Every structure is written in C-alpha cells, then in structure tokens.
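Structural characterization, general
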Amino acid sequence: MSARAHGGALPHPRREGIGLGRFNALTRDDTLAVLLSCCGSRRWAERVAAHRPYPDPESLLAAADEACYDLTPGELDQALAEESLSPQPLVGARGPGTLAAHTALRAAHAEYERRFRHVFVICLDGYRDEELLDQVLSGIRTRLGHEPDEERAVAAEELRRLARGRLTRLVSSGP
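So, a few notes on the structure that sits alongside this text. (Residues numbered from 1 in each chain as written. Predicted model: local features only at pLDDT ≥ 70, side-chain atom pairs only at ≥ 80, totals over all residues. Heavy atoms only, no water.)

1. Notes on the overall build of the protein chain
Using the following cut-off: Each helix corresponds to a stretch of at least 4 residues labelled H or I by DSSP, and each strand to a stretch of at least 2 residues labelled E; elements are numbered beginning at the N terminus. Throughout, exposure labels follow a simple rule: accessible area from a 1.4 Å probe, protein chains only, divided by the maximum for the residue type, with under 20% read as buried, over 50% as exposed, and the rest as partly exposed. Contacts are residue-level and defined by heavy atoms, with any inter-residue pair within 4.5 Å sufficient. Surface accessibility follows the Shrake-Rupley procedure with a 1.4 Å probe radius. Residue values consider only the protein chains on display as shielding.
Counting its regular elements, the protein chain contains nine helices and zero strands. Of the regular secondary structure in the protein chain, the N- to C-terminal order runs α-α-α-α-α-α-α-α-α. The burial tally for the protein chain puts 45% of its 175 residues in the buried class. Sequence separation of at least 24 residues holds for 73% of the intrachain contacts in the protein chain that already meet a minimum separation of 6. When the accessible surface of the protein chain is summed, it comes to about 8800 Å², and 53% of that surface belongs to carbon and sulfur atoms.

2. Quick word on the nonpolar core
The nonpolar side chains of a soluble globular protein tend to be buried, and buried together. Selection rule: Side-chain atoms within 4.5 Å link the members of a nonpolar core, which is a set of buried Ala, Val, Leu, Ile, Met, Phe, Trp, Tyr and Cys residues.
Counting 46 residues, the largest nonpolar core has F23, L35, W44, V48, L60 and L167 as the members making the most contacts within it. At the level of elements, α2 (20-25), α3 (28-36), α4 (42-50), α5 (57-69), α6 (73-82), α7 (98-116), α8 (129-144) and α9 (148-170) are the ones that each hand at least two residues to this core. What F23 contacts, discounting residues up to four positions off in sequence, is I18, T31, V34, L35, R52, Y54, L60, L170 and V171.

3. Thoughts on the packing of aromatic side chains
Under the convention used in this document: A pair of Phe, Tyr and Trp rings is counted when the ring centres sit within 6.5 Å of each other, with Trp represented by its six-membered ring. The angle between the planes then sorts it: under 30 degrees is stacked, over 60 is edge-to-face, the rest tilted.
If you walk through the whole model with that rule in mind, you get two aromatic pairs. Centre to centre, the rings of Y112 and F116 are 4.8 Å apart; their planes meet at 55°, and the pair counts as tilted. In this pair, Y112 and F116 are both assigned in helix α7, four residues apart and thus about one turn of the helix distant. We classify Y112 as buried; its relative accessible area is 0%.

4. A look at α7
Quick reminder of the rule: Expected span of a helix, by definition, is 1.5 Å for each gap between consecutive residues, and there is one gap fewer than residues. For this quantity, the arc is that covered by the directions from the helix axis to the C-beta atoms.
Taking 1.5 Å of rise per residue, 19 residues should cover 27 Å, and α7 covers 26 Å from first to last C-alpha, within 8% of that figure. Looking at α7, one finds that the buried residues are T98, A101, H102, L105, A108, H109, Y112 and F116. Angularly, the buried residues of α7 cover 120° about the axis, an arc narrow enough to put them on a single face. Summarising the geometry of α7, the exposed residues directed more than 90 degrees from the buried face are L99 and A100. The inward-facing, buried residues of α7 abut α8 and α9.

5. Things to note about the packing of α7 against α8
Quick note on the threshold: A fitted line through C-alpha atoms represents every axis, and for helices the fit uses only the stretch in contact; the resulting angles, taken between N-to-C directions, go from 0 to 180 degrees. Take the far helix as the reference: if the near one is turned anticlockwise from it by less than a right angle, the crossing is left-handed, and if turned clockwise, right-handed.
With their axes 10 Å apart at the nearest point, α7 and α8 run at an angle of 35° to one another. Crossing handedness for the pair α7 and α8: left-handed. Here α7 contributes A101, H102, L105, A108, H109, E111, Y112, R115 and F116 to the contact with α8, which in turn contributes L133, V136, L137, I140, R143 and L144.

6. Considerations on the packing of α7 against α9
When two helices pack together, their arrangement is given by the angle between their axes and by how far apart the axes lie. Our working definition: Throughout this description, any angle smaller than 35 degrees is read as roughly parallel, any larger than 145 degrees as roughly antiparallel, any in the 65 to 115 degree range as roughly perpendicular, and the remainder as oblique. Classification used: nonpolar for Ala, Val, Leu, Ile, Met, Phe, Trp, Tyr, Cys and Pro, charged for Asp, Glu, Lys and Arg, polar for all others including Gly.
One way to put it is that α7 packs onto α9 with a least axis distance of 11 Å and a crossing angle of 115°. The orientation of α7 with respect to α9, classified from their angle, is roughly perpendicular. Contact with α7, carried on its side by Y112, R115 and F116, involves P148, E151 and A155 of α9 and no other residues of that element. The residue makeup of the contact of α7 with α9, split by class, is four nonpolar, no polar and two charged.

Honestly, that's just the spatial picture; any functional story needs more than this.
Right under this line is the structure:
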C-alpha cells in the first residue's frame, strides 16, 4: 500500500498482477506505460524497460532500485509531479476523532507542499488498515521538521519503495 492510496495522494489506476512472463512480453510502449504507472520518471521507466527480459522478479526489482538511485534532481521532480496532489481519506480509518485527524492531515499536506514544493509520499506497505492514519500523521509531522535537502532524500527513498511495491504487485500473479 502507498500513501497515495491511503492518504498521501490519489492512486494511479490499480493494475492487476500480470506476472513476469507477460511483463517481459509487452511491447515497448506498453512496458513504458506500465512502468510509468509505478514511477512517473520517463528515464526510470526507459532504464527498467531496456533490461528486459528479466529472469526473475528480484532482478526486476534490483534494476528498478538502481534506476531510482540514479534519478537526477529534475527526474525526481518529474516523478514526484506525477504523484497526485489530492489526499484521499485513509481506508480503514474510522471511529472517534477520524474526521479531526483527516482535517489535520489535509492541513499537514498543504503545509508540506508549501514548504517542499512537491507532494508528500510515503510507502505504507506492511501496515494494517487501522494503522495507516497514525503512520501518515506521524510521518508527515516528523518530515515537516526536516530541512529541504534532507526531506528530498527521504521523499526519493519513499518513492523508490512505492515503485518497488507497485512492481512487486504487478509481477506477482499471472503466467
């Protein structure tokens, strides 16, 4: 799960897992489209696509990680710009105080975007639905205290983790 789907920003259309074999067999244009739904950097998508076919999911993830580490500042800006700007209510967040928490989260998102000039991204893979709101609120509160250069590094790492999770889901099922 990502914050995009649960409070960071709107999700890209969710793709069903197609399996590694089908991923490797896609046309170049279809591969780029699928990869751009995982990370919005064109250069990242081109680098990952160029190394097909992948023998196993681990090789794909390693190539994706390396391509993320090599993003230039402009490419990172492009990838962050492709993440949606509109926070969504978090799935599973219910009960007393939820409305107030979502109001605080919207205000924190606005402050984050004002301060850092890009959306707040956070990878929430591995957390249960009932933990998501607390994780996002805690994460954004902590990260608002960062200096811009420090936060840029954290956002780049969160973006890498998001892309990795999306790719994992993409190749997780199918032939």
